[in-house]
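Structure at a glance
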Amino acid sequence: METKPIDTLRAKYLGNLCRTKSLDSILQDADKPEYQLRRVLGPWQLTLFGIGAIIGAGIFATIGTAAAGDAARPGAGPALTLSFAITAIACGFAALCYAEFASMVPISGSAYTYSYATLGEVLAWIIGWDLIIEYAVGNVGVAISWANYFKTFLKGFHIIIPDWLSMDYRTAAKVVDAIGVPTVYREAPHLFGVPIIFNLLAVGIVALITVVLIWGVRESARANVLMVGIKIVVLCFFIVVGLRWVKPENWSPFAPNGWAGISAGAAIVFFAYIGFDAVSTVAEETRNPQRNLPIGIIASLVICTLFYIVVSVIFTGLISYPDLKAKLATEQAEPLTMALEHVSANLGWAVGIVAFGSVIAHTAVLLVYQLGQPRIFFSMARDGLLPRIFCRVHPRFRTPHISTILTGVFVAGVAAVASIDEMVDLTNIGTLFAFILVCAGIIILRIKDPLRPRPFRVPSGWFWTILLYIVLTAFVWTVLPLPTALKAWVSVISAMIFALSRNHIFPVLGILSCLYLISYLPSNSWLRFTAWLNAGFVIYVGYGAVHSRLTGRDSEDRPAWHDAHTTFIGAWLALLGALLLFFMRGLELWLQAMDKYPTLTGFGKLEPALGHLLQRGAWLGVSWFLIVPLALNAFVLCPIILRRALRARRESSDRLIVKKTYIGQVLSIILMLATAGYFLLLLAFRNHP
């Protein structure tokens, strides 16, 4: 019978749960010849990479929705400039934290690598999986949007792309004739009676970008410089031309929907800021990364913020809030070109130039995101959390060619059949979650490793704390439409928070501001994000935890301990995932119930909304973002846990190992039975509602 002190084994379990990879170990791995990438990028190229990632679909597409609103959210109106400023501040806090991390850990992988060094392997996996949302899934949305704008651009040259080659099935189903027949379905070729509909344009641009990225990062940087230059010129062109037609009366009323509209607009335009963190993914291809990475991150964010505010001022001056809302309610168009068409029918030439700039802007974003995602896969595979094929480097071009190809195949495949609305919500919440963990990582590392050299350091101390508190207090008392008593309470509570967090004031404000923006995202995006995390739990327990170079089975001197550990952790992750899914589903149902009573206010909504939430039918409605991840947890993850528990007990009879495996087995069996019972209730309710 194998024996090992219980206290030692218990400490081993707890240590593995929170075990981090040291910064020195991370840097040593990057210096190995088989993993080395070519260092060719300087501060100018990094800044342009950041601008290339930031200025794209956001400013050219979401600015209209942010100003006018949609069915679920009010618009900011001319106060859109404040929405951009609020989002820029939140991103600025995160950018400072990214800059400090990038100067200390100049390694590919971005927030994943930073989390591995500070928060432990489990959270590092979660953030690495989450970054796929920001880069790969976000790029799916950009590719679809690019295809729409490129199709419109080609129409100016009388080149018509058939609808069945430029959209997905769900979008095609919405295009109907006078009698309700889907015209795209009718016009598309059929195979065995099934219409062939896919987005060939989106697939084509992703394939082209993938080839460029395999060719080499220097060549990618040159292409990016050209595209960034074009879209900056086009935005300046829009500003210059728009100044001639701006009507100051269009800026009144400045905030038609008050603070709610401004905050909702800030959450929407956050998509326009995603990308500055992509600079950190090319750390291993950067010369003097400790100096150049912070410059690239912060400079790109500042330059883009200035452009956004000026463009939003011109845009809202060209078209009034009522006119913009009416137009977007009946048509889908590029906001900037629509604004130019609104002021004059003679600006067709200007519309064409701006449309061309939109196509270039989307292409630049595609380039940078497709550059960033393979490098995250590269880092995760190098740590053993993904198959080693993802970290192979091309012998000639010194680029991660396999992960680049696989990323391109994934993005192109999904973009061929997905709609853009399904992608954008995931991208926003996933990126905000990544920002939160990066800000938290700075706080943890300041406490755990205060003496480590930091070429760039996030400001802190009483000076910045007092200065930021004065700014916040002035904002609360002069801008926010709150009762005086509530403003006083906000000022007092803020003073306490600022004083307690004075040594970490910027990271703390970064966390709070990201949580604030998340609260204004649609409720269904929270459930979808949780579903995505659950899929990540399955892959981590099934593969990553076994093959990890830090805590994997091969790294243990007695594999039974590892099996017991992953059984225990896997069961709790499965249970946590199920609870989060039902919590997010409940929150979604609660907000839907609150929306059913628009005439009621305050506590008057609570009783009828609570009554709706407690109805059986509310919980037994079909939600695939709840059903699919529950099925993965119960019928894929739990069987893995059960097999691993049996193997651990066959190899060892240590008391704590037996205890941990039994706990894992019991939790897994309960989860499987509960999930099966819930699915049976769904079937019964569907047959007899």
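Scope of this entry: the structure provided in the associated data block. Predicted model, so just to flag it, every value in this text is computed and none were measured.

About the cut-offs
Residues numbered from 1 in each chain as written. Predicted model: local features only at pLDDT ≥ 70, side-chain atom pairs only at ≥ 80, totals over all residues. Heavy atoms only, no water. Helix = DSSP H or I, 4+ residues; strand = E, 2+ residues; numbered from the N terminus. Contact = heavy atoms within 4.5 Å. Areas by Shrake-Rupley, 256 points an atom, 1.4 Å probe, with all protein chains shown as cover. 1 Å grid on protein atoms, 1.4 Å probe; cavity = no way out; pocket = protein on both sides within 12 Å on 5 of 7 lines; lining within 4 Å. Points joined across faces, edges and corners; volume = space filled by probe spheres on them. Nonpolar A, V, L, I, M, F, W, Y, C, P; charged D, E, K, R; others polar. Patch = residues over 30% accessible without salt bridge, like charges linked within 9 Å, V, L, I, M, F, W, Y side chains within 5 Å. Salt bridge = Lys/Arg side-chain N within 4 Å of Asp/Glu carboxyl O. Expected span 1.5 Å × (residues − 1). Buried < 20%, exposed > 50% of the residue type's maximum accessible area, 1.4 Å probe, protein only. Arc of directions from axis to C-beta. Core = buried A, V, L, I, M, F, W, Y, C linked by side-chain atoms within 4.5 Å. Axes fitted to C-alpha atoms, helices over the stretch in contact; angles between N-to-C directions. Parallel < 35°, antiparallel > 145°, perpendicular 65-115°, else oblique. Left-handed = near helix turned anticlockwise from the far one by under 90°. Phe/Tyr/Trp six-rings, centres within 6.5 Å; stacked < 30°, edge-to-face > 60°. Lys NZ or Arg CZ within 6 Å of the ring centre and 35° of its normal.

Looking at the overall build of the protein chain
When its secondary structure is counted, the protein chain shows 27 helices and two strands. For the protein chain, the share of sequence-separated contacts (at least 6 apart) that also reach a separation of at least 24 residues comes to 82%. Entry remark: accessible area of the protein chain is about 28500 Å², with carbon and sulfur atoms responsible for 69%.

A closer look at the layout of surface pockets
Rolled over the atoms, a probe sized like a water molecule indicates the empty space that remains. Here the second largest pocket is characterised by a volume of approximately 990 Å³. Counting residues per element, the lining of the second largest pocket draws most heavily on helix 5 (residues 80-104), at six residues. In terms of residue class, the lining of the second largest pocket is made up of 22 nonpolar, two polar and no charged.

As for a nonpolar patch on the surface
On the surface, a cluster of nonpolar side chains totalling about 570 Å² of accessible area is made up of Leu486, Trp489, Ile493, Ile497, Leu512 and Leu515. Contributing elements (two or more residues each) for the nonpolar patch: helix 20 (484-500) and helix 21 (505-519). Sort the elements by how many residues they give to the nonpolar patch and helix 20 lands first, with four residues. Of note, isoleucine 493 is situated in helix 20.

Considerations on the environment of alanine 618
If you trace the backbone, alanine 618 turns up in helix 25 (residues 616-619). Note: C-alpha distance between alanine 618 and leucine 589 (29 residues apart in sequence) is 7.1 Å.

With respect to helix 19 (residues 462-478)
With 17 residues, helix 19 ought to run about 24 Å at 1.5 Å a step, and its terminal C-alpha atoms sit 24 Å apart, in line with that. Taken as a whole, helix 19 has its buried residues at Thr465, Leu468 and Val476. End-on, the buried residues of helix 19 take up no more than an arc of 75°, which puts them together on one face. Seen from the open side of helix 19, the exposed residues pointing more than 90 degrees away from its buried face are Phe463, Ile470, Val471 and Thr478.

As for unusual backbone geometry
Cis rather than trans, the peptide bond between serine 252 and proline 253 has omega equal to 0°. Take proline 253: it is sitting in the loop between helix 11 (217-243) and helix 12 (258-269).

Digging into the nonpolar core
Counting residues in hydrophobic clusters, the biggest one holds 185 residues, and the most contacted among them are Phe84, Tyr98, Phe238, Phe276, Phe315, Leu336 and Leu340. Considering each element in turn, this core owes the most residues, 20 residues, to helix 7 (residues 121-155). Once you skip the residues sitting within four places of it in the chain, leucine 340 turns out to touch Phe238, Val241, Leu318, Leu347, Ala350, Val351 and Val354. Formed by eight residues, the second largest nonpolar core is a distinct cluster that contains Leu96, Val458, Leu468 and Ile505.

Describing the packing of helix 3 (residues 43-54) against helix 13 (residues 289-318)
Remark: helix 3 packs on helix 13, axes separated minimally by 8 Å, with the N-to-C direction vectors making an angle of 40°. Between helix 3 and helix 13, the crossing angle belongs to the class labelled oblique. Two packed elements cross with a definite hand, and for helix 3 against helix 13 that hand is right-handed. Residues Pro43, Leu46, Thr47, Gly50, Ile51 and Ile54 of helix 3 pack against Arg291, Asn292, Leu293, Ile295, Gly296, Ala299, Ser300, Leu301, Ile303, Cys304 and Tyr308 of helix 13. Tallied by class, the residues present in the contact of helix 3 with helix 13 amount to eleven nonpolar, five polar and one charged.

A closer look at the pattern of salt bridges
Within this structure, the stated rule accounts for five salt bridges. The salt bridge partner of glutamate 100 is arginine 446, with a shortest N-O separation of 2.8 Å. Of this pair, glutamate 100 sits in helix 5 while arginine 446 sits in helix 18 (residues 420-448), and the two are 346 residues apart along the sequence. Of the two residues, glutamate 100 and arginine 446, neither departs from the other in class, the shared state being buried. Put simply, glutamate 100 and arginine 454 hold a salt bridge, and the shortest N to O gap is 2.9 Å. Here glutamate 100, found in helix 5, pairs with arginine 454, found in the loop between helix 18 and helix 19; they are 354 residues apart in sequence, far enough to count as distant.

Side note on the packing of aromatic side chains
One pair of aromatic rings is described through two measures. These are the centre distance and the angle between the planes. Taken as a whole and assessed by the stated rule, the structure comprises 24 aromatic pairs. On the basis of an interplanar angle of 45° and a centroid distance of 5.2 Å, the ring pair of phenylalanine 84 and tyrosine 308 is categorised as tilted. One end of the pair, phenylalanine 84, is in helix 5; the other, tyrosine 308, is in helix 13, with 224 residues separating them in the sequence. Accessibility classification places phenylalanine 84 together with tyrosine 308 in one group, the buried group. Between phenylalanine 153 and phenylalanine 356 the ring centres are 5.8 Å apart and the planes differ by 40°, which places this aromatic pair in the tilted class. One end of the pair, phenylalanine 153, is in helix 7; the other, phenylalanine 356, is in helix 16 (residues 348-382), with 203 residues separating them in the sequence. Clustering of aromatic rings is evident, with ring pairs tying together Phe93, Phe463, Trp464 and Phe506. Above the ring of tryptophan 245, the side-chain terminus of arginine 244 is found at 4.6 Å from the ring centroid. Over the face of the ring belonging to tyrosine 662 we find arginine 649, whose NZ or CZ atom lies 4.2 Å from the ring centre.

Brief notes about the environment of leucine 486
Among the secondary structure elements, leucine 486 is positioned in helix 20. Overall, the relative accessible area of 39% leaves leucine 486 in the partly exposed class. In sequence terms leucine 486 and valine 476 are ten residues apart; their C-alpha atoms lie 9.9 Å from each other.

It is worth stressing that arrangement in space is one thing and function is another; only the former is reported here.
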